[in-house]
Amino acid sequence: MARLPAEQLARIKSEVSLLRLVEGEGYEVTRQGKDYVIRCPFHEEDTPSLIISPKSNLFHCFGCEAAGSVIDWVMQTQNISFRHAVEILQQS
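Small disclaimer: the values here were computed from a predicted structure and weren't measured.

1. Focus on the packing of aromatic side chains
- One pass over the full model with this rule turns up four aromatic pairs.
- Where Phe42 meets Phe59, the ring centres are 6.3 Å apart and the plane angle is 35°; that geometry is what we call tilted. Of this pair, Phe42 sits in the loop between strand 2 (35–38) and strand 3 (50–53) while Phe59 sits in strand 4 (residues 58–61), and the two are 17 residues apart along the sequence.
- Between the aromatic rings of Phe59 and Trp73, the centroid separation amounts to 5.3 Å while the plane-to-plane angle is 85°, which identifies the pairing as edge-to-face. Taken together, the residues span a long stretch of sequence, with Phe59 in strand 4 and Trp73 in helix 3 (residues 70–78) at a distance of 14 residues. The exposure classification of Phe59 matches that of Trp73, with both residues buried.

2. Quick word on the side chain of Asp35
- Looking at the element boundaries, Asp35 is found in strand 2.
- Accessibility expressed as a relative area gives 15% for Asp35, which makes it buried.
- In this structure the side chain of Asp35 is engaged in a polar contact, spanning 3.2 Å, whose partner is the side chain of Ser53.
- Excluding residues that lie within four positions of it along the chain, Asp35 makes contacts with Thr30, Ile51, Ile52, Ser53 and Pro54.

3. Examining the pattern of salt bridges
- Using the criterion set out here, one finds two salt bridges in the structure.
- Between Arg20 and Glu23 there is a salt bridge, and its shortest N-O distance comes to 2.4 Å. Taken together, the positions of Arg20 and Glu23, both in helix 2 (residues 18–24) and three residues apart, correspond to about one turn of that helix.
- A residue is classified by how much of its surface remains accessible, and Arg20, at 51% relative accessible area, is exposed.

4. Describing helix 1 (residues 6–15)
- Residues Gln8, Leu9 and Ile12 constitute the buried set of helix 1. The buried residues of helix 1 all sit within an arc of 100° when viewed along its axis, so they share a single face. Summarising the geometry of helix 1, the exposed residues directed more than 90 degrees from the buried face are Ala6, Glu7, Ser14 and Glu15.
- Looking at the buried positions of helix 1, the neighbouring elements they touch are helix 3 and helix 4 (82–90).

5. Some points on the nonpolar core
- Core analysis: the largest hydrophobic core is formed by 24 residues, its most contacted members being Leu50, Ile52, Val70, Ile71, Trp73 and Leu89.
- Looking at this core, the elements that each hand over two or more residues are helix 1, helix 2, strand 2, strand 3, strand 4, helix 3 and helix 4.
- Apart from residues lying up to four places away in sequence, Ile71 is in contact with Leu9, Ile12, Lys13, Phe82, Ala85, Val86 and Leu89.

6. Describing the packing of helix 3 against helix 4
- With their axes 9 Å apart at the nearest point, helix 3 and helix 4 run at an angle of 115° to one another. When the axes of helix 3 and helix 4 are compared, the pair comes out roughly perpendicular. Crossing geometry of helix 3 relative to helix 4 is assigned as right-handed. Residues Val70, Ile71, Val74, Met75 and Gln78 of helix 3 touch helix 4, and the partners they reach there are Phe82, Ala85, Val86, Ile88 and Leu89.

Cut-off values and rules
Note on numbering: residues in each chain are counted from 1, in written sequence order. Selection of residues for local features in this predicted model requires a pLDDT of at least 70, selection of side-chain atom pairs for listing and counting requires 80 or more, and totals for whole chains, interfaces and linings are taken over all residues. By convention in this description, side-chain values take in all heavy atoms of the structure and omit both hydrogens and water. In this scheme Phe, Tyr and Trp rings, the latter by its six-membered ring, pair at centre separations within 6.5 Å, and the angle between planes marks the pair as stacked below 30 degrees, edge-to-face above 60, and tilted otherwise. Each helix is a run of H or I in the DSSP string that is no shorter than four residues. Each strand is a run of E no shorter than two, and both are numbered from the N terminus. Per-residue accessibility, obtained with a 1.4 Å probe over protein chains only, is compared with the maximum for each type, and a residue is labelled buried under 20%, exposed over 50%, and partly exposed between these values. Any pair of N or O atoms that falls within 3.5 Å is considered a polar contact. Within protein, one atom must be able to donate a hydrogen and the other to accept it, and sequence-neighbouring residues count only if both atoms are side-chain atoms. For this analysis, residues touch if any pair of their heavy atoms sits within 4.5 Å. We define a salt bridge as a contact between a side-chain nitrogen of Lys or Arg and a carboxyl oxygen of Asp or Glu at a distance within 4 Å. Think of it as the arc spanned by the lines of direction from the helix axis to the C-beta atoms. Residues enter a nonpolar core if they are buried and are Ala, Val, Leu, Ile, Met, Phe, Trp, Tyr or Cys, with the set joined through side-chain atoms within 4.5 Å. Axes here mean lines fitted to C-alpha atoms, for a helix over just the part in contact, with angles spanning 0 to 180 degrees between N-to-C directions. Our angle categories are set so that under 35 degrees counts as roughly parallel, over 145 as roughly antiparallel, 65 to 115 as roughly perpendicular, and the remainder as oblique. Put simply, a crossing is left-handed when the front helix is turned counterclockwise from the back one by less than a right angle, and right-handed when it is turned clockwise.

Below, the structure is given as structure tokens:
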């Protein structure tokens, strides 16, 4: 299988809004300063601890340490491979 070009991955990471993707998936998003917070889908919690930073287009959970880009989000929430996540995001 051919390796994905770095330019293609960089374009997906910068052009596909993680915040819009998360909102589109139905998560309750709350603004917190310049960032946004949601209840982490990767562990049980009562208080939202997953931060989404629109400026960097990254996420980080202070409860379970899940973190990454829009590609990582799709991989982890859908339990799919890197390549499959990239294919999904290319169609966005």
